[in-house]
Amino acid sequence: MTSPQTDLTAATAGGAGADDTAEAPAATQAAGAVQAGAGGTWQALRRDVGAMLGLGYIVLVTLVAIFAPVLTSISGWTPYEFDQTAIDPNLGGMPIGPWGGMGAEHWLGVEPGSGRDIFARIVYGARVSMSIALSATLLTTVLGVSLGLLAGYFGGRVDLVVSRVMDFLMAFPALIFMIAVLSALPASNRSTLLVVVISVFGWPYLARVVRGQTMSLAQREFVEAARAAGASGARIVFREILPNLRSTIIVMSTLAVPGFIGTEAGLSFLGVGVVPPAPSWGQMIAASVKWYAVDPAYFLVPGMCLFLLVLAFTVLGDRLRAVVDAQEGR
Amino acid sequence: MPRFLLTRVSSGLMVLLLVCLFTYLVFFALSPDPAVQICGKNCTPELIDQIRGNLGLDQPFWTQFFLFVVGIFAGRTYGDGAGAVECAAPCLGYSFQSSQAVWDMIVQRLPVSATVAIGAAVLWLLAGLVGGLLSAVKEGTFLDRFTTGLTLTSMSIPNYVLALVLQYVLVVQLQWLPFPQAVRFADDPVQWFLNFVMPWMVLAIGYAAAYTRLTRANVLDVLRENYVRTAYAKGLPQSLVWRRHALRPALTPIVTIFGMDFAGLLGGALITETVFGINGVGKMAADSIARNDQPVIMGVTLLAGFLVVVGNMVVDVVYTAIDPRVRVNA
């Protein structure tokens, strides 16, 4: 159920909640297998304040990530520039001014010790968080859906192998293993590695639900009709079954994103994620641990950004699920 | 029953063996030569060869792996002749850094991790069950919506951010808690207890939120069952319906998840222990990863896997005891 590893589970938006409840729509949906139009979902979602706020923040962070170079050229500091005039060497490198040196020159203050601009690092850090989390979601979804479909539709030996692999991966102490692998591998291309490692341990949660639904969909009349009409296995799986899984896949993928954002930040926090000096929110928070008592703004800024992004995806996913459930007559 | 237990134990052992093999494989393939690492300064090629011979690193992969597995059950002897070192039964090798036996290191730190895990578990079970039941009873009211919002928020706070916020607010600003200090329970029980308050809270909050949601969803599901309606129709008072008919089936799934979560935490809360400087298994793992101390990482990974597998088995046994529906096919 839960990814049973260490406390990263709690850190990454409670994997428990996301997984368990996902079983419920699985059952009802397979029974119903009615496709509500995407338009209806959007209409219902648009009336939900929480979902819209979440979506708004996600769009904002995405835009910030895309236009990072433009934004930093307006603010005037790149994420790698040291500003010795913004820190006080007599106070051990504390930022000059209240709230960690926030002001017209440095919008969100500067890092104590180095004087690097926090706004620039946040903006570029958003690129890291978003690109890693979204790529991991994409890869997890592709893996989870295709393996789940394979196991559910073909059954037999295929199902046995896929299910065993899933059981194994879910019982595996994934966090420790991820950290160990990442620390042992050369640091040249950490972002890609992070995506691969997160996805390898992430797909079984989606695949399990897809497999269950596929098994029950495969028994339905419309699949039988397609088979009688001479459709090939691939055609049945992709044209007949897959469209019926659409809402499940969208809901589960949305709910997986916050977990991946948290995992990336957590791994960077532990020093095995994105390699410095490339900025990442988790890494910024890790660097702020030494300064938390004297410069709280230093951990509050990246901490807030990270928390709000995770919250935004969690709320959006949660509301999306509620809407989909309601449409399928729950 | 014995046959059921036998399958469980053998599949659990399989998972452990695979965890072992994968971790070993990763280190075998990826790690820099440990002999060079141990040898340190003033090293000669002859010395490296000697260390390799003593640790069995000159053997082919499968021999090394076999010796490692045998060592866990029967102990093993490193080197030969006068310099031989006897490693007693649960032999996980020796730390490259401190030359301590890995098993002893784990045994030393496990009580600390257990203290962290037990305290947190008590907190999150209480909060989760009470919160979930309350919002199920008051479904749709303000309290219910408030709880739902609160759980989404708590699930989204990365626990290292929460750790820093708590430390800043409770220790630095309000001074309600003393600064964490390493003390023995016997010397200063009050300080000892207060040291654990923040880690407990930080670990518990994410799980508490997940358990609240799960409890609420399960209770609401059960209350829609036909047999609950029948119980009401028979004229049973509400309190009796809840106690006899609703709570038991609603709470059994929580046992499953609790077993896995708790077992996972026993194997070390990496981030929380690191942030608060608690000398448990998790911090040991984080430290040894930073120093590439392969035997210790192996040991902790195996321990975590072992705890999850044992946790699953215990859950299965407990499940058959509390859920009569499972007993029949067992």
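Residues numbered from 1 in each chain as written. Chains lettered and ligands numbered in written order. Predicted model: local features only at pLDDT ≥ 70, side-chain atom pairs only at ≥ 80, totals over all residues. Heavy atoms only, no water.

Novice: In this structure, what is going on with the overall build of chain B? I would like to understand it.
Specialist: A count of helices and strands for chain B gives 14 helices and 2 strands. If one aligns the C-alpha atoms of chain B with their principal axes, the spans along those axes are about 85 × 60 × 35 Å. Expressed as a percentage of its 330 residues, the buried residues of chain B come to 47%. Sequence separation of at least 24 residues holds for 64% of the intrachain contacts in chain B that already meet a minimum separation of 6. By element, 66% of the accessible surface of chain B is carried by carbon and sulfur atoms, the whole surface being about 16200 Å². When the 21 positive and 19 negative side-chain charges of chain B are each reduced to one mean point, those points stand 17 Å apart. (Helix = DSSP H or I, 4+ residues; strand = E, 2+ residues; numbered from the N terminus. Buried < 20%, exposed > 50% of the residue type's maximum accessible area, 1.4 Å probe, protein only. Contact = heavy atoms within 4.5 Å. Areas by Shrake-Rupley, 256 points an atom, 1.4 Å probe, with all protein chains shown as cover. Lys, Arg positive; Asp, Glu negative; His and termini not counted. Charge placed at Lys NZ, Arg CZ, Asp CG, Glu CD.)

Novice: I would appreciate a short explanation of the overall build of chain A in the present structure.
Specialist: Secondary structure assignment for chain A yields 15 helices and 2 strands. Taken over 330 residues, chain A has a buried fraction of 57%.

Novice: What exactly am I supposed to notice about the packing of aromatic side chains here?
Specialist: For any pair of aromatic rings, the description consists of the separation of the ring centres together with the inter-plane angle of the planes. In this structure the tally under the stated criterion is 14 aromatic pairs over all chains. Plain terms: the ring middles of Y153 of chain A and F154 of chain A are 5.0 Å apart, the flat faces sit at 85° to each other, and that makes the pair edge-to-face. You can call Y153 of chain A buried: its relative accessible area is 16%. For F154 of chain A, a relative accessible area of 47% puts it in the partly exposed group. Note on F269 of chain A and Y160 of chain B: the rings are 4.3 Å apart at their centroids and 15° apart in plane angle, and the pair reads as stacked. One end of the pair, F269 of chain A, is in helix α13 (residues 246–269); the other, Y160 of chain B, is in helix α7 (residues 159–173), on a second chain. Here the two residues F269 of chain A and Y160 of chain B agree in accessibility, since each one is buried. Every member of this aromatic cluster is reached through a ring pair, and the members are W124, Y207, Y211, F258 and F262 of chain B. (Phe/Tyr/Trp six-rings, centres within 6.5 Å; stacked < 30°, edge-to-face > 60°.)

Novice: When you look at the packing of α7 of chain B against helix α8 (residues 189–223) of chain B in this model, what are you seeing that I'm missing?
Specialist: In a pair of packed helices, the angle between the axes and the distance between the axes together describe the arrangement. Residue and element names in this part refer to chain B. Look at α7 against α8: their axes get within 10 Å of each other, and the N-to-C directions meet at 140°. Here the hand of the crossing between α7 and α8 comes out right-handed. Where α7 approaches α8, its residues N159, L162, A163, L166, Q167, L170 and V171 are matched on the opposing element by M198, M201, V202, L203 and I205. Across the contact of α7 with α8, the residue classes tally to 10 nonpolar, 2 polar and no charged. (Axes fitted to C-alpha atoms, helices over the stretch in contact; angles between N-to-C directions. Left-handed = near helix turned anticlockwise from the far one by under 90°. Nonpolar A, V, L, I, M, F, W, Y, C, P; charged D, E, K, R; others polar.)

Novice: Explain the pattern of salt bridges to me, please; I cannot follow it from the model alone.
Specialist: Opposite charge on two side chains allows them to pair when their charged atoms are near. Scanning the entire structure with this criterion turns up 8 salt bridges over all chains. For the salt bridge of D48 of chain A with R319 of chain A, the shortest nitrogen-to-oxygen distance reads 3.0 Å. Note that D48 of chain A is positioned in the loop between α3 (38–46) and α4 (49–66) and R319 of chain A in helix α15 (residues 296–327), a separation of 271 residues in sequence. A salt bridge links D318 of chain A to R319 of chain A; the nearest nitrogen and oxygen atoms lie 3.9 Å apart. Salt bridges linked by common partners bring D48, D318, R319 and R321 of chain A together with R213 of chain B together as one network. (Salt bridge = Lys/Arg side-chain N within 4 Å of Asp/Glu carboxyl O.)

Novice: Which parts of the structure should I look at to understand the packing of helix α5 (residues 102–137) of chain B against helix α12 (residues 281–290) of chain B?
Specialist: Residue and element names in this part refer to chain B. At a minimum axis distance of 7 Å, the contact between α5 and α12 shows a crossing angle of 130°. In this view, α5 runs oblique relative to α12, as classed from their interaxial angle. Residues M105, I106, R109, L110 and S113 of α5 lie in contact with α12, whose contacting residues are V281, G282 and M284. Here the contact of α5 with α12 is composed, by residue class, of 5 nonpolar, 2 polar and 1 charged. (Parallel < 35°, antiparallel > 145°, perpendicular 65-115°, else oblique.)

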